[in-house]
Amino acid sequence: MLSRNTNSLIDLVSLEKEKFNTLFSFADQISLNKLATQKGFGKTGALLFFEASTRTRMSFETASARLGIYPLLLDVKSGTSLEKGETLEDTVLNVAAMNPSYLVIRCGDDLNLSEMAKKVSMPILNAGWGKKGHPTQALLDAYTIRKHLGTCEGQRLLIVGDVRHSRVAASHFELAKKLGYEVAVCGPVDFLPEKTSLKVFSNLHEGLQWATVAMALRVQLERHAMKYSLTDYREQFGFTSKNLESLSDNALIMHPGPINQGTELDSDVLQDPRCQVLNQVSNGVLIRQAILYSVLEGEL
Ligand code: ASP
């Protein structure tokens, strides 16, 4: 699915293993001010967000600005011609006709990013595509794990919660095979994939004892609120201080955001020394800078 000729990043399947190390090394160098990344002067990058976003959108905006690239944001909530009936595909093609250096796109399943990558001349970077994947989120998570635990290889990532609807989890399933970490899932039966070859924990404590990294996912309240008592969910699967006693002192606690505080993760857990939630956000900018830098160099 990765369109090599245009350097697009649609998924993580076709990216070679060395490329991940290069991106992580660029991110390290950027954080130490050791990479001259201000290569984008006079260039534009188009950010098309057809679905809501806070972190990913602002992270790509920040990363673009830090590379000297002017980010052009199309936020579907502000008036656009989509309101007049223009299709998503036409919208993308028209923005592409303005010749930005890249298109960062967040969309639902109604737009096919792999197909779009064949129709435009610049790279498309997937910023969250339906339930299919969110590659830059998995990359920033892996970068955070590498930074704090030294390597991703051999780690045991427990993903807890709404795995079935999560594009973050989908991207981790791809990335884990590349970087050599194991993924297990945990949550109520209805939240887990119907068929999976992954290790499944129905009991959070057993999962936490196994894990070196524990990641809570947002409970997609729009889908499950009627079916589950959120109090029961918090008790059984929530990242509360009490439940997290089962997790090793050296392990990491993560969440891709946005958090339903008091459901999948309690607010006091954000102060836990193992918690990486805000570091994930900071690392997200570095990873996206590394990706955009590679795009400008023509070698993503
Ligand atoms: N921010 C992540 C995403 O866009 C996770 C979430 O929304 O639950 O997929």
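Look up a bit, the structure's there.
Parameters and conventions
Residues numbered from 1 in each chain as written. Predicted model: local features only at pLDDT ≥ 70, side-chain atom pairs only at ≥ 80, totals over all residues. Heavy atoms only, no water. Helix = DSSP H or I, 4+ residues; strand = E, 2+ residues; numbered from the N terminus. Rg over C-alpha atoms; globule rule 2.2 N^0.38 Å. Buried < 20%, exposed > 50% of the residue type's maximum accessible area, 1.4 Å probe, protein only. Contact = heavy atoms within 4.5 Å. Phe/Tyr/Trp six-rings, centres within 6.5 Å; stacked < 30°, edge-to-face > 60°. Lys NZ or Arg CZ within 6 Å of the ring centre and 35° of its normal. Pairing = 2+ DSSP bridges. Right-handed = clockwise from strand over helix to strand, strands pointing away. Core = buried A, V, L, I, M, F, W, Y, C linked by side-chain atoms within 4.5 Å. Near = heavy atom within 4 Å. Polar contact = N/O pair within 3.5 Å; in protein donor to acceptor, adjacent residues only side chain to side chain. Nonpolar A, V, L, I, M, F, W, Y, C, P; charged D, E, K, R; others polar. Axes fitted to C-alpha atoms, helices over the stretch in contact; angles between N-to-C directions. Parallel < 35°, antiparallel > 145°, perpendicular 65-115°, else oblique. Left-handed = near helix turned anticlockwise from the far one by under 90°.

1. A word on the overall build of the protein
Helices and strands together make up the secondary structure of the protein, namely 10 helices and 9 strands. A compact globule built from 300 residues would reach a C-alpha radius of gyration of about 19 Å, and the protein, at 19 Å, matches this within 12%. For the protein, the spread of C-alpha atoms along the principal axes amounts to about 55 × 45 × 35 Å. Within the protein, buried positions represent 56% of all 300 residues. Look at the contacts in the protein between residues 6 or more apart in sequence, and 73% of them connect residues 24 or more apart.

2. Details of the packing of aromatic side chains
In this description, a pair of aromatic rings is defined by centroid distance and the angle of the planes. According to the stated counting rule, one finds 5 aromatic pairs in the structure shown. The interplanar angle of 50 degrees and the centroid separation of 5.6 Å between the aromatic rings of F201 and W210 together place this pair among those described as tilted. As far as burial versus exposure is concerned, F201 and W210 are alike and both buried. The positively charged end of R156 is found above the aromatic ring belonging to W210, 6.0 Å away from the centroid.

3. Description of the environment of A97
Relative to the helices and strands, A97 resides in the loop between α3 (88-96) and β3 (103-107). Overall, A97 belongs to the exposed group, its relative accessible area being 64%. As for A97 and M122, which are separated by 25 residues in sequence, their C-alpha atoms are 10.0 Å apart.

4. Here's the deal with the pairing of strand β1 (residues 44-49)
Burial of β1 is extensive: 5 of the 6 residues sit out of reach of the surface. As paired strands, β1 and strand β2 (residues 70-75) are joined by 6 bridges and run parallel to one another. If you follow L47 over to β2, its bridge partner there is L73. Chirality of the crossover, the property in question, places the unit of β1, helix α2 (residues 55-66) and β2 among those that are right-handed. Of the strand pairs in this sheet, β1 and β3 are connected by 4 bridges, and their pairing is parallel.

5. Quick notes on the nonpolar core
Formed by 52 residues in total, the largest nonpolar core has its most connected members in L125, L139, L175 and I291. The element best represented in this core is helix α10 (residues 277-297), accounting for 7 residues. With residues near it in sequence (within four places) discarded, L175 still touches L12, F20, A138, L139, A142 and Y181. A184, F201, F237 and V277 belong to the second-largest nonpolar core, a separate cluster that totals 24 residues.

6. A short note on unusual backbone geometry
For the peptide bond that leads from G257 to P258, omega is -5 degrees, which places it in the cis range. By the element assignment, P258 lies in the loop between β9 (252-254) and α10. The phi angle at N33 is positive, at roughly 60 degrees, despite the residue not being glycine. Residue placement: N33 occurs in the loop between α1 (17-31) and β1. Assessed through its relative accessible area of 71%, N33 is described here as exposed. The backbone phi angle of N99 is positive, close to 60 degrees, even though this residue is not glycine.

7. Regarding the site of the ligand
Within the structure, the ligand sits among R106, H134, R167, V168, R218, G257 and P258. In the environment of the ligand, an oxygen atom lies 2.8 Å from a nitrogen or oxygen atom belonging to the side chain of R167. Contacts to the ligand include R218, whose side-chain N or O atom sits 2.8 Å from an oxygen atom. Here the shell around the ligand is composed, by residue class, of 2 nonpolar, 2 polar and 3 charged.

8. Topic: the packing of helix α5 (residues 135-149) against α10
Here α5 crosses α10 at 115 degrees, and the two axes come no closer than 8 Å. On the basis of their axis angle, the class for α5 and α10 is roughly perpendicular. As α5 packs across α10, the resulting crossing turns out to be right-handed. Where α5 abuts α10, its residues T136, Q137, L139, L140, D141, Y143, T144, K147 and H148 lie against N279, Q280, N283, G284, L286, I287, R288 and I291. Of the residues contributing to the contact of α5 with α10, the split by class is 6 nonpolar, 8 polar and 3 charged.

9. Comments concerning the sheet that holds β1
Taking strand neighbours across the sheet as the criterion, the 4 strands line up as β2-β1-β3-β4 in an open arrangement whose pairing is parallel. The two strands at the open ends of the sheet, each matched to only one other strand, are β2 and β4 (124-129). Across the sheet, the mean angle separating the axes of adjacent strands is 15 degrees when strand polarity is ignored.

10. Some words on the side chain of Q280
Relative to the helices and strands, Q280 resides in helix α10. Classification of Q280 as buried rests on a relative accessible area of 2%. At 2.9 Å, the side chain of Q280 and the side chain of D141 are in polar contact. Apart from the residues lying within four places of it in its own chain, the contact partners of Q280 are Q137, L140, D141, T144, M254, H255 and P256.

Coordinates in, geometry out; function isn't part of it.
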